[in-house]
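What the coordinates show
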Amino acid sequence: MSTDSQKMPYTPPALEFKSSTFSVPVLVLSSDDLLIIEQQLQEKVDLAPEFFKNSPLVLDVQALNKQGYAIDIAALTELIRKIGLLPIGIRGGNAQQNRQALELLMPVYSIRSGGVTEETQKQKTVTPEPNTELDSDVTATTLITQPIRSGQRIYAKGDLVITAQVSAGAEIMAEGNIHVYNTLRGRALAGVQGNTDARIFCFDLQAELISIAGNYKVSEDLDESVRNKPVQIYLQDQALIIKDIVQHH
Amino acid sequence: MARIIVVTSGKGGVGKTTTSAAIAMGLAKKGHKTAVIDFDVGLRNLDLIMGCERRVVYDFVNVINGEATLNQALIRDKNCNLLYILPASQTRDKDALSQEGVGKILDELKKDFKYIVCDSPAGIEKGAHLAMYFADDAFVVTNPEVSSVRDSDRMLGILASKSRRAEQNEEPIKEYLLLSRYAPDRVKLGEMLSVDDVQDILSLHLLGVIPESKSVLNASNSGTPVILDEKSDAGQAYADIVARYLGENRPHRFIDDKKGFFRKLFGSK
């Protein structure tokens, strides 16, 4: 027996299958005009270039196909890669689109698991149900007590709370809300994964840019009446509302 | 325990080398054995400001490459025998420095010296990165104007995230603000940011304000650190800064326009 074990030494398994869930952005298309898609996607990416760089992406063409626009997956993929994103799958495609995707080595996902995007769009009318999707992975709040200096970048999967100042040229992003209990001079982007209920709160608004779920305002567009004040910023009918934190009745 | 001080700013021409020379001399004059290193490989200046340019044989890069020992390259200052200068190479560029090589030299210096002052080059590239990487304390030199303040802010971000202390999750680098080329009369006219304006943006511990002064240029030209010019305002400002850094409590000077009536009448030096 001892000779056996010498002949065939025990080798630990080189691999193992495990199940894991990832949070991947889904690109829901509602136009088949590649030029418009390119332009609008580029605008979104420019808001947070570092965050989108090499980000994986699943293409959702279901809504588009329902309207009878069958987009060319090969051309679409090429365009998205050019912008610097990495499509890793498709869902809601027709037979030809799915074949195209597989030729590009992109898996085809079934639409069943992903009613989420439609819910997210309807969330204004519903109770904060879509939050469960965002929260299921990470609910943790990120707390930062050191100043965020020019050139620094913070990304929080949940809420982001900062007690120190955020300098001009810094960028803070959160999938949830952003609270800055100090002066906000840099760029603040809340709800970066599409949570339109996210809000930004800050003690002293001097931001270069504020954004909620992709709806943004640059410093120049900020009204003088809201500058250098404690404010909250939220989205209402796709418009950014900036209001005093303390509501006067 | 030896402490490594980086003198940095991001922006060029704000007075890093003047400051490095002055505080290194100040620390040595207070009885602490001090080395000052020029990290500006390719654009060396520290040797000129220290007045030892004619005694340079070996340099920083020679030591990193093992072509000379540290003792061969260190130049003893002619005014203070507790102060040593490690000059930069003028014929090489910043790629000649390696993190490993710099770390080794600093470790060796730490055995023998109390303070090691690293004079950072401008910018945020390799030379500046290596100058700050091993630091315990940072003297951030800023001029009272917006672009200098923003560059300092950027450098502070790098100190907080890219230094050895940050990478190894140790206590962060202690950061101090040195506001140089300050002219109270121009602040009054609104031509220059005030101490408060700068502090509002950077919120740092202010180690001292160095007034705009002819004595700085004179000191550079003659190759003697301005701190040795004890009568000059800039020299006194640096003496205050060194004393505060070493724990003395000295009130801030040179912030307000305090020219006397007669000096106003006859003009000041």
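In every chain, residue numbers begin from 1 and rise along the written sequence. The lettering of chains begins at A and the numbering of ligands begins at 1, in the order of writing. Local features in a predicted model are, by the rule used here, given only for residues with pLDDT of at least 70; side-chain atom pairs are given and counted only at 80 or more, and totals for whole chains, interfaces and linings are based on all residues. Note that the side-chain values use all heavy atoms of the structure and ignore hydrogens as well as water.

Moving on: the overall build of chain B. Helix and strand definitions here come from DSSP, where helices need a minimum of 4 consecutive H or I residues and strands a minimum of 2 consecutive E residues; each element is numbered from the N-terminal end. Counting its secondary structure elements, chain B contains 13 helices and 8 strands. Relative accessible area decides the class of each residue, using a 1.4 Å probe on protein chains only: under 20% of the type maximum gives buried, over 50% gives exposed, and in between gives partly exposed. A burial count over chain B gives 54% of its 269 residues as buried. Sequence separation of 24 or more characterises 73% of the internal contacts of chain B that already satisfy a separation of 6 or more. Accessible surface computed for chain B: about 12,400 Å², of which carbon and sulfur atoms make up 48%. Contacts are assigned to residue pairs with any non-hydrogen atoms lying within 4.5 Å of each other. Computed with the Shrake-Rupley method and a 1.4 Å probe, the accessible areas treat only the protein chains shown as cover for residues.

So, about the interface of chain A and chain B. With 9 residues of chain A in contact, the opposing surface of chain B contributes 13 residues. A 1.4 Å probe defines the accessible area here, and the buried area is the portion of it lost by two parts on being joined, summed over both. Summed over both sides, the interface of chain A with chain B buries roughly 850 Å², with 36% coming from carbon and sulfur. It is A:Arg149, A:Ser150 and A:Arg185 in chain A that bury the most area against chain B; as a group they hold 55% of the surface buried on that side. Each salt bridge in this description consists of a side-chain nitrogen of Lys or Arg and a carboxyl oxygen of Asp or Glu lying within 4 Å of one another. Seen at the junction of chain A and chain B, the total is 3 salt bridges. For the salt bridge of A:Arg149 with B:Asp153, the shortest nitrogen-to-oxygen distance reads 3.0 Å. N or O atoms closer than or at 3.5 Å make up a polar contact, with two conditions inside protein: a donor-capable atom paired with an acceptor-capable one, and, for residues adjacent in sequence, both atoms drawn from side chains. One can count 8 residue pairs in polar contact (both at pLDDT 80 or more) joining chain A with chain B. Residues are grouped as follows: nonpolar covers Ala, Val, Leu, Ile, Met, Phe, Trp, Tyr, Cys and Pro; charged covers Asp, Glu, Lys and Arg; every other residue, Gly included, is treated as polar. Its residues assigned to classes, the side of chain A that touches chain B comprises 1 nonpolar, 5 polar and 3 charged.

Our next topic: the pattern of salt bridges. The final tally for this structure, using the stated rule, is 22 salt bridges over all chains. Salt bridges linked by common partners bring B:Lys30, B:Asp240, B:Arg244, B:Glu248, B:Arg250 and B:Arg253 together as one network.

Below, the discussion takes up the environment of A:Leu104. Residues and elements named next belong to chain A. Structurally, Leu104 is set in the loop between helix H6 (95-103) and strand S4 (108-109). By relative accessible area, which is 27% here, Leu104 ends up partly exposed. Between the alpha carbons of Leu104 and Gly89 there is a distance of 9.6 Å; along the sequence they are 15 residues apart. Residues within four places of Leu104 in sequence aside, it is in contact with Ile73, Ala74, Thr77 and Arg81.

Next up on the list: unusual backbone geometry. Of note in this structure, A:Asp237 is not a glycine but carries a positive phi near 50°. Take A:Asp237: its relative accessible area is 66%, and that puts it in the exposed class.

Once that is clear, we can look at helix H5 (residues 99-112) of chain B. Under the convention used throughout, the expected extent of a helix is 1.5 Å for every residue step, that is, one less than its residue count. For H5(B), spanning 14 residues, the distance from its first C-alpha to its last is 21 Å, which sits close to the expected 20 Å at 1.5 Å a residue. Every buried residue of H5(B) is listed here: B:Gly101, B:Val102, B:Gly103, B:Ile105, B:Leu106 and B:Leu109.

In this approach a probe as big as a water molecule rolls over the atoms, and the regions it shows empty are the leftover space. Residues and elements named next belong to chain B. Using only the protein atoms, space was sampled on a 1 Å grid; points where a 1.4 Å probe fits but cannot get out form cavities, open sets with protein on both sides within 12 Å along at least five of seven lines form pockets, and lining residues are those with an atom within 4 Å of a point. Grid points are joined across faces, edges and corners, and a volume is the space filled by probe spheres set on the points. Tallied over the full model, the rule gives 1 cavity of 30 Å³ or more. Roughly 30 Å³ of internal volume is contained in the largest cavity. Around the largest cavity sit Thr18, Ala21, Ile49, Val216, Ala219, Ser220, Thr224, Pro225 and Val226, which together line it. Counting residues per element, the ones that place at least two in the lining of the largest cavity are helix H1 (16-29) and helix H11 (214-222). Considering every element that reaches the lining of the largest cavity, the biggest residue donor is H11, with 3 residues. Per-class residue counts for the lining of the largest cavity are 6 nonpolar, 3 polar and no charged.

Let's shift gears to the pairing of strand S1 (residues 3-8) of chain B. Along any regular strand, the residues point their side chains to alternate faces of the sheet. Residue and element names in this part refer to chain B. Here S1 lies mainly inside the structure; 5 of its 6 residues are buried. Strands qualify as paired when DSSP identifies two bridges or more between them. Pairing geometry for S1 and strand S5 (residues 115-119), over 5 bridges, is parallel. Of the residues in S5, the one forming a bridge with Arg3 is Tyr115. Taken together, the 4 bridges between S1 and strand S6 (residues 137-142) define a ladder with parallel strand orientation. The residue bridging Val6 from the neighbouring strand is Ala138, located in S6.

Residues and elements named next belong to chain A. Reading across the sheet, the 4 strands line up as S1-S2-S3-S4 and stay open at both edges, with parallel pairing between neighbours. In this open sheet, the two strands that pair with only one neighbour each are strand S1 (26-28) and S4. One ladder, built from 5 bridges, connects strand S2 (residues 56-60) with strand S3 (residues 86-91); its direction is parallel. Residue pairing for S3: Leu59 is matched across the bridge by Ile90.

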